[in-house]
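Topology and contacts: notes
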Amino acid sequence: MNKITKDNLDEFIHYYHEFHDSYITNVNYNISESKIELLINVYWSGEPILKEDNTYQTNKIKMRMILDNVIQCNNKEMFAWDYIKEAFIKYIKLNNKELICFASDEQEPLIYIVCESIKYEEIKASW
């Protein structure tokens, strides 16, 4: 698995196009280990390719994210039609500690998680 760091955060966000049009399909909680696993159908990744019919090949992938040492979590009821417009992923300070925040939106997130680290991997699964 890859880890999101301050050094690669901007590249990560750019490569996955801020998760635009993507869907969170699973939220798995491990309360005893303060860990949350997200499965996300990512619609845009890499460089989109303009096809002959003037539509884009968006390079859809499935991503698994592990959010470790969760400090805060808040989520609303999610439905199949709830997609991410622009994810909010930033390092923040909370109680004099630097943490990373993942939210499905900056203003009205369906899910908001503050944790110590985020690891991710693309997994082989179709959607």
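This write-up is about the structure you can find in this document. (Residues numbered from 1 in each chain as written. Predicted model: local features only at pLDDT ≥ 70, side-chain atom pairs only at ≥ 80, totals over all residues. Heavy atoms only, no water.)

Looking at the packing of aromatic side chains
A complete count under the given rule lists ten aromatic pairs for this structure. Relative to Tyr16, the ring of Phe12 lies with its centre 5.1 Å away and its plane at 55°, an arrangement referred to as tilted. With a centroid separation of 6.1 Å and 15° between ring planes, the pair formed by Tyr16 and Phe19 is classed as stacked. Ring-pair connections join several aromatic residues into one group, and the members of that group are Phe12, Tyr15, Tyr16, Phe19, Phe102 and Tyr120. (Phe/Tyr/Trp six-rings, centres within 6.5 Å; stacked < 30°, edge-to-face > 60°.)

Thoughts on the pairing of strand 8 (residues 97–103)
Of all seven residues in strand 8, five are buried, a share of seventy percent or more. One ladder, built from seven bridges, connects strand 7 (residues 88–94) with strand 8; its direction is antiparallel. For Phe88, the partnering residue across the bridge sits in strand 8 and is Ala103. In sequence, strand 7 turns back onto strand 8 through a hairpin of two residues, with Asn95 there showing a positive phi of about 55°. Of the strand pairs in this sheet, strand 8 and strand 9 (residues 111–123) are connected by four bridges, and their pairing is antiparallel. Residue pairing across strands places Ala103 opposite Tyr112, the latter belonging to strand 9. (Buried < 20%, exposed > 50% of the residue type's maximum accessible area, 1.4 Å probe, protein only. Helix = DSSP H or I, 4+ residues; strand = E, 2+ residues; numbered from the N terminus. Pairing = 2+ DSSP bridges.)

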